[in-house]
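Here's the letter readout for the chains.
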Amino acid sequence: MLRTIASLSLIATSLIAEQPRFLETLYDSWGQSLGISEEIVRHKSDQQDLILFQNPMFGRVLALDGVIQLTEADEAIYHEMMVHVPLLSHDNPKSVLVIGGGDGGSLREIVKHPQIERIVLVDIDQSVITFSKEYLPKLSDKAFEDPRITIAIADGAKFVAECKDTFDVIICDSTDPIGPGEVLFTSEFYGDCKKLLTKHGIFVNQNGVPFLQQDELTKTLNNRKPHFKNVGFYTATVPTYVGGPMAFGWASDKKYRVAESVLHQRMEKLKTKDFFYYTPAVHKAAFVLPNYMLKVIEGK
Ligand code: SAM
């Protein structure tokens, strides 16, 4: 019996070993690896190397330039927190600019807000939109068909530098500051975003995993401070953004302190209230930061 169990576990180990694996290359000396049960697409665009594959635990996975962008299992955490935190904080948002976000996950959450009249999404890479629509239909859940949305294929930094429209909320749903995403973490970009925001406008962005990407926290903070009166972060734990909670950057001139009861009232007006992660209590708690982040923020 013991011998049977031992030989079964040997077979299991060798099967695991034989499964092709995706090794994330975000960090030099450490990285997560995900088994690939089916490779769906591999594509080299002018901007990025894209791979879409199936993982038995996380469902479909999208990676760009060797870095996980999303998995079907945990993307809702990221997209709900990226979108509903700024949109439910703002008193009356009517227009939203999304920079990046070509997978459509942020759009899916934005279109749940009936008062939003105008949504512009600017992604540098058409192939992310095309493959996400085809192979990750749950991500956008048909949001691309919403008549309020305009799509532009362009570099977000160039777009904001030249844009003449204004927006109540800007959501920078970008890759990390490596490759094409790098320009979306500069002081110039934040200054241009500020110019496009209305008086009580809010800017948020995906700001990496502070435990491992401390630099990203300090740099964005320092690059945003000259342009906004209030700069800070909130967090959420997304399992496949490994290394602890991830940070979302926040920048606005208005100081937002929205009561939980007000967030509840605003949530009632949404098309869907059944979220995977977001609740008004989570929203409030997300701004309570661990000391290792506070020390970085306070320059200690
Ligand atoms: N959830 C993801 C994460 O945190 O890694 C972000 C996902 S979304 C797929 C990132 C998008 O940013 C990609 O579609 C990529 O093409 C886009 N992107 C990167 N650099 C950009 C730029 N300079 N202008 C506009 N879009 C950009």
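Conventions and cut-offs
Residues numbered from 1 in each chain as written. Predicted model: local features only at pLDDT ≥ 70, side-chain atom pairs only at ≥ 80, totals over all residues. Heavy atoms only, no water. Buried < 20%, exposed > 50% of the residue type's maximum accessible area, 1.4 Å probe, protein only. Helix = DSSP H or I, 4+ residues; strand = E, 2+ residues; numbered from the N terminus. Contact = heavy atoms within 4.5 Å. Near = heavy atom within 4 Å. Polar contact = N/O pair within 3.5 Å; in protein donor to acceptor, adjacent residues only side chain to side chain. Areas by Shrake-Rupley, 256 points an atom, 1.4 Å probe, with all protein chains shown as cover. Domains from an automatic or database assignment. pLDDT = per-residue confidence, 0-100. Pairing = 2+ DSSP bridges. Axes fitted to C-alpha atoms, helices over the stretch in contact; angles between N-to-C directions. Buried area = accessible area lost by both parts, 1.4 Å probe. Salt bridge = Lys/Arg side-chain N within 4 Å of Asp/Glu carboxyl O. Expected span 1.5 Å × (residues − 1). Right-handed = clockwise from strand over helix to strand, strands pointing away.

A. Representation of helix α4 (residues 126-135). Where α4 is concerned, the buried positions are Ser127, Val128, Ile129, Phe131 and Ser132. Looking at the buried residues of α4, the elements they touch are β3 (38-44), β4 (49-55), β5 (59-64), β8 (118-123), α5 (137-140) and β9 (149-153).

B. Representation of the site of the ligand. Close contacts around the ligand come from 26 residues, with Asp123, Asp155, Gly156, Pro180 and Tyr241 the closest. Gln48 places a side-chain nitrogen or oxygen 3.0 Å from an oxygen atom of the ligand. Starting from 590 Å² of accessible surface for the ligand in isolation, the protein chains cover 99%. Of all the secondary-structure elements, those providing two or more residues to the shell around the ligand are β6 (67-71) and β8. Summarising the domain contributions, the shell around the ligand has at least three residues from each of domain 1 (11-71) and domain 2 (75-298).

C. Structural detail: the confidence of the model for the protein. On average, the protein scores 94 in pLDDT, and the residues at 70 or more come to 94%. Here residues 1-14 scores under 50 on pLDDT; set against residues more than four positions off or in separate chains, the count is zero contacts.

D. Spotlight on unusual backbone geometry. Unlike most non-glycine residues, Asp141 shows phi in positive territory, near 45 degrees. Here Asp141 is to be found in the loop between α5 and β9. Assessed through its relative accessible area of 53%, Asp141 is described here as exposed. In this model, Lys142 sits at a positive phi of 70 degrees, which is unusual for a non-glycine residue.

E. Fine view of the sheet that holds strand β13 (residues 246-252). Reading across the sheet, the seven strands line up as β9-β8-β7-β10-β11-β13-β12 and stay open at both edges, with mixed pairing between neighbours. The sheet terminates laterally at β9 and β12 (230-236), the two strands that pair on one side only. Sheet twist, expressed as the mean angle between neighbouring strand axes with direction ignored, is 15 degrees. When β12 meets β13, the two strands line up antiparallel, connected through seven bridges. Across the sheet, residue Val231 finds its bridge partner in β13, namely Ala251. Contacting β7 (95-100), β10 (167-173) and β11 (197-206), helix α7 (residues 187-196) runs over the sheet at an angle of about 140 degrees to β11.

F. Up close: the domain arrangement of the protein. As assigned here, the protein comprises domain 1 (11-71) and domain 2 (75-298). At the interface, 23 residues of domain 1 touch 23 residues of domain 2. In total, about 2000 Å² of surface goes out of reach between domain 1 and domain 2, with carbon and sulfur atoms giving 68% of it. The three residues of domain 1 that bury the most area against domain 2 are Tyr27, Gln47 and Leu70, which together make up 23% of that side's buried surface. If you look at where domain 1 meets domain 2, you find zero salt bridges. Here the side of domain 1 that touches domain 2 takes five residues from β6, the largest share from any one element.

G. Structural context of the sheet that holds β3. Spatial ordering of the open sheet is given by β3-β4-β5-β6, a layout of four strands whose pairing is antiparallel. Strands at the two margins of the open sheet, each flanked by one partner only, are β3 and β6. Adjacent strand axes in the sheet meet at a mean angle of 20 degrees when their direction is disregarded. In the sheet, β4 pairs with β5 via six bridges, with the strands oriented antiparallel. Within β5, the residue paired with Ile51 across the bridge is Ala63.

H. Just helix α2 (residues 75-89), in detail. Over its 15 residues, α2 runs 21 Å from end to end, which matches the ideal 21 Å to within 8%, given 1.5 Å per residue. In terms of burial, α2 is largely enclosed, as 15 of its 15 residues are buried.

I. Structural context of the pairing of β10. Judged by how many residues are buried, β10 sits mostly within the fold: seven of seven residues are covered. Inspection of the sheet shows β7 paired to β10 by five bridges, in the parallel sense. Of the residues in β10, the one forming a bridge with Val96 is Val169. As judged from the five bridges shared by β10 and β11, these two strands associate in the parallel manner. Across the sheet, Ile171 pairs through a bridge with Val204, a residue of β11. In the classification by handedness, the crossover that spans β10, the intervening α7 and the parallel β11 is right-handed.

J. Up close: the environment of Ile51. When you line up the elements, Ile51 lands in strand β4. The spacing of Ile51 and Gly66 is 15 residues in sequence and 8.2 Å in space, taken between C-alpha atoms. Excluding residues that lie within four positions of it along the chain, Ile51 makes contacts with Phe22, Glu39, Val41, Arg42, Val61, Leu62 and Ala63.

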